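Structure at a glance
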Amino acid sequence: MLKKCHRLKNPKAFEATYRQRHVVSDQYLVLYAGRERTEGSPEVKTGFVVSKKYHKRAVKRNKIKRLIRECCRLLLKEKEYQYKYQSLIFIPKPTAMEATYKEIQNSVNTLLKKL
């Protein structure tokens, strides 16, 4: 579980991140990045969005969110998660349902490097 200081929770923060239009994607995930960080700005906040269109069952939607969240948590723990944006939103594609943890982890790493 991500610490509270690293979670994107406010709906206005999600809207602001979408409005910035910094988007990268690959075969498993789409990543939206918010405003660029300045000196003294707070830590990077991360949000995860999985709609009902992705899968009808909440169990399946929560599983993919847990996988992506764990990848981000491990990156934060290793201090490799220092990026120039204040907020990030991860949205899985339908192909991510069949992906393994390792594939999701590689996808998160490549998307963060693309930014």
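Residues numbered from 1 in each chain as written. Predicted model: local features only at pLDDT ≥ 70, side-chain atom pairs only at ≥ 80, totals over all residues. Heavy atoms only, no water.

**So, the sheet that holds strand S1 (residues 22-25)**
Read from one edge to the other, the open sheet built from four strands follows the order S1-S2-S4-S3, with strand pairing classed as mixed. The sheet is open, and its two borders are formed by S1 and strand S3 (45-48), each paired with just one other strand. Between one strand axis and the next, the sheet turns by 20° as a mean value, whatever way the strands run. Together, S1, strand S2 (29-33), S3 and strand S4 (87-92) form the strand contacts of helix H1 (residues 11-20), whose direction differs from that of S4 by roughly 85°. (Pairing = 2+ DSSP bridges. Helix = DSSP H or I, 4+ residues; strand = E, 2+ residues; numbered from the N terminus. Axes fitted to C-alpha atoms, helices over the stretch in contact; angles between N-to-C directions. Contact = heavy atoms within 4.5 Å.)

**A word on the packing of helix H2 (residues 58-77) against helix H3 (residues 101-114)**
In contact at an axis separation of 10 Å, H2 and H3 are set at 55° when each is read in the N-to-C sense. On the basis of the axis angle, H2 is oblique to H3. The interaxial crossing formed by H2 with H3 has right-handed handedness. Contacts between H2 and H3 involve Ile 64, Leu 67, Ile 68, Glu 70, Cys 71, Cys 72, Leu 74 and Leu 75 on the former and, on the latter, Tyr 101, Ile 104, Gln 105, Val 108, Asn 109 and Leu 112. Of the residues in the contact of H2 with H3, the class split is eleven nonpolar, two polar and one charged. (Parallel < 35°, antiparallel > 145°, perpendicular 65-115°, else oblique. Left-handed = near helix turned anticlockwise from the far one by under 90°. Nonpolar A, V, L, I, M, F, W, Y, C, P; charged D, E, K, R; others polar.)

**As for the state of the cysteines**
One pass over the full model with this rule turns up zero disulfides. Here Cys 5 stays free of any disulfide, with the sulfur of Cys 72 as its closest cysteine sulfur at 14 Å. Here Cys 71 is not cross-linked by a disulfide; its sulfur's nearest cysteine counterpart is in Cys 72, at 6.7 Å. (Disulfide = S-S within 2.5 Å.)

**Looking at the nonpolar core**
With 26 residues, the main nonpolar core has Ile 64, Ile 68, Leu 88, Phe 90, Ile 104 and Val 108 as its most contacted residues. Within the residue set of this core, elements represented by two or more residues are S2, H2, S4 and H3. In terms of residues, this core owes the most to one element, H2, which gives seven residues. If near-sequence neighbours (up to four positions away) are discounted, Ile 104 is found in contact with Tyr 28, Leu 29, Ile 64, Ile 68, Cys 71, Ala 96 and Ala 99. Of all hydrophobic cores here, the second largest spans five residues; its members include Leu 8, Val 30, Tyr 32 and Ile 89. (Core = buried A, V, L, I, M, F, W, Y, C linked by side-chain atoms within 4.5 Å. Buried < 20%, exposed > 50% of the residue type's maximum accessible area, 1.4 Å probe, protein only.)

**Regarding the side chain of Arg 61**
Along the chain, Arg 61 turns up in helix H2. Although Arg 61 lies buried, it forms no salt bridge, and the closest oppositely charged side chain, Glu 98, sits 15 Å away as judged by the N-O distance. Look past the residues within four positions of Arg 61 in its chain and what remains in contact with it is Val 50, Ser 51, Lys 52, Tyr 54, His 55 and Lys 56. (Lys, Arg positive; Asp, Glu negative; His and termini not counted. Salt bridge = Lys/Arg side-chain N within 4 Å of Asp/Glu carboxyl O.)

**Quick look at the environment of Asn 10**
Mapped onto the elements, Asn 10 comes out in the segment before H1. The spacing of Asn 10 and Pro 94 is 84 residues in sequence and 25 Å in space, taken between C-alpha atoms.

**Overview of unusual backbone geometry**
In the Ramachandran plot, Arg 21 falls in the positive-phi region, its phi being about 65° despite a non-glycine side chain. If you trace the backbone, Arg 21 turns up in the loop between H1 and S1.

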